[in-house]
Amino acid sequence: MPRIASAPRRRLLATAAALTLAALPLTAPLAGDYPDRPLKLVVPYPPGGATDVVGRVLAMKLGDELKQQVVVENRGGAGGNLGADAVARAEPDGYTLLMGAITSHSIMATLEKKRISYDLMGDLTPVATIAAVPLVFVVNPQLPVKNLSELIAYAKANPGKLTYASSGAGAPQRMAAELFKRQAGVDILHVPYRGSGPAMTDLVGGQVLTMVETVPAALPFIKSGQLRALAVTTPERISMLPDTPTAAEAGLPNFTVASMFGVLAPAKTPKPVIDKLNAALSRVLVEPDAKEKLLQQGAYAVAPASADAARQRLQAEVDQWAKVIADANITVD
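Report follows, based on the coordinates. If you're wondering where the values come from, they're calculated on a predicted model, not measured in any experiment.

The rules behind the values
- Residues numbered from 1 in each chain as written.
- Predicted model: local features only at pLDDT ≥ 70, side-chain atom pairs only at ≥ 80, totals over all residues.
- Heavy atoms only, no water.
- Pairing = 2+ DSSP bridges.
- Helix = DSSP H or I, 4+ residues; strand = E, 2+ residues; numbered from the N terminus.
- Right-handed = clockwise from strand over helix to strand, strands pointing away.
- Buried < 20%, exposed > 50% of the residue type's maximum accessible area, 1.4 Å probe, protein only.
- Salt bridge = Lys/Arg side-chain N within 4 Å of Asp/Glu carboxyl O.

### Points about the pairing of strand E6 (residues 189–192)
In the sheet, strand E5 (residues 163–166) pairs with E6 via four bridges, with the strands oriented parallel. Its bridge partner being in E6, Thr163 is matched across the sheet by Leu189. Handedness of the crossover is the feature at issue here: the chain leaves E5, passes through helix H8 (residues 172–184), returns alongside E6, and the resulting connection is right-handed.

The structure is reproduced here in structure tokens:
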């Protein structure tokens, strides 16, 4: 004979069933109906910089894909950490996203670990890697070197006498130069500046002699003959500098560095939402118009890949720069 539940037990079971049913719509419609209102894309830097420009191109195209407006919000400060922290603390519903400067955030994750209030890998989740801005080795023409192998030889013959500029202590340009020093086994003196503009001015003027700079920033000076390009830091030659060899071609194998950009969301954003965003971004990245608009800003669209692949790429960036920072004993001060 079946056991009949008592009245209190029946009430308890009914309550549990009601709670279960109430919880179901929180996940299913979120994936199916998402998005049903405008999204916000936080750019963690002031307007006008590379991250902002890439973000605005992306916001327009992503809005077309999702049939919802994507509003860009600039929240600059603390080297991008204020904006990243705001997204890390946002509601994980897919409506607040970060236009991340992946390389810069990865560097700061180690360099400013004690200062930032969020965990890059724990509080944010990558949605997609979007674009890469290549770097290029440039020298003042007064330096008697014509290629990267000659630069390495010159630096070894003059240890501690050659200088390199960077746009800041924790900038990707500085990290690329430190990685170069370790891989090439050379001793070059770092001269930090507050931004690429002042650094390039002194490089052209001969106050410093070398730099690893983003291609868009260096390109006008290369074309005018004020700087000499030695090698790009990408695995293959790039369309903006087709006659400039890669670092590997120029004598430094396995040297690959780019300033990476990607979209991230709060860590607990449901996977179906992440997947939907990733699919939309993947469609954007193969659009000829989107690729051309990014390239006009010096950024190359990356091949579409999964959110899991984006996480692996972010972790690889964090690991690479953590090692460089530790090996070179780099501090933010």
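### Structural notes on the pairing of strand E3 (residues 96–101)
Burial analysis of E3 places six of its six residues in the buried class, which makes it a mostly covered element. Judged by which residues are buried, E3 turns out to be covered on both faces: Thr96, Leu98 and Gly100 on one side and Leu97, Met99 and Ala101 on the other are all buried. Pairing of strand E1 (residues 39–43) with E3 involves three bridges; the strand directions are parallel. Across the sheet, the residue bridging to Leu41 is Leu97, located in E3.

### Structural notes on the pattern of salt bridges
The final tally for this structure, using the stated rule, is 17 salt bridges. When the shortest N-O distance is used, the salt bridge between Lys61 and Glu287 registers 3.7 Å. Placement of Lys61 in helix H3 (residues 50–66) and of Glu287 in the loop between helix H11 (271–285) and helix H12 (288–296) is noted, with a sequence separation of 226 residues between them. Owing to a relative accessible area of 9%, Lys61 belongs among the buried residues under this scheme. A salt bridge links Lys293 to Asp289; the nearest nitrogen and oxygen atoms lie 3.0 Å apart. Here Lys293 and its partner Asp289 are both found in helix H12, four residues apart, which amounts to about one turn of the helix. Judged by its relative accessible area of 34%, Asp289 falls in the partly exposed class. Via salt bridges that share partners, Lys61, Glu287, Asp289 and Lys293 belong to a single interconnected network.

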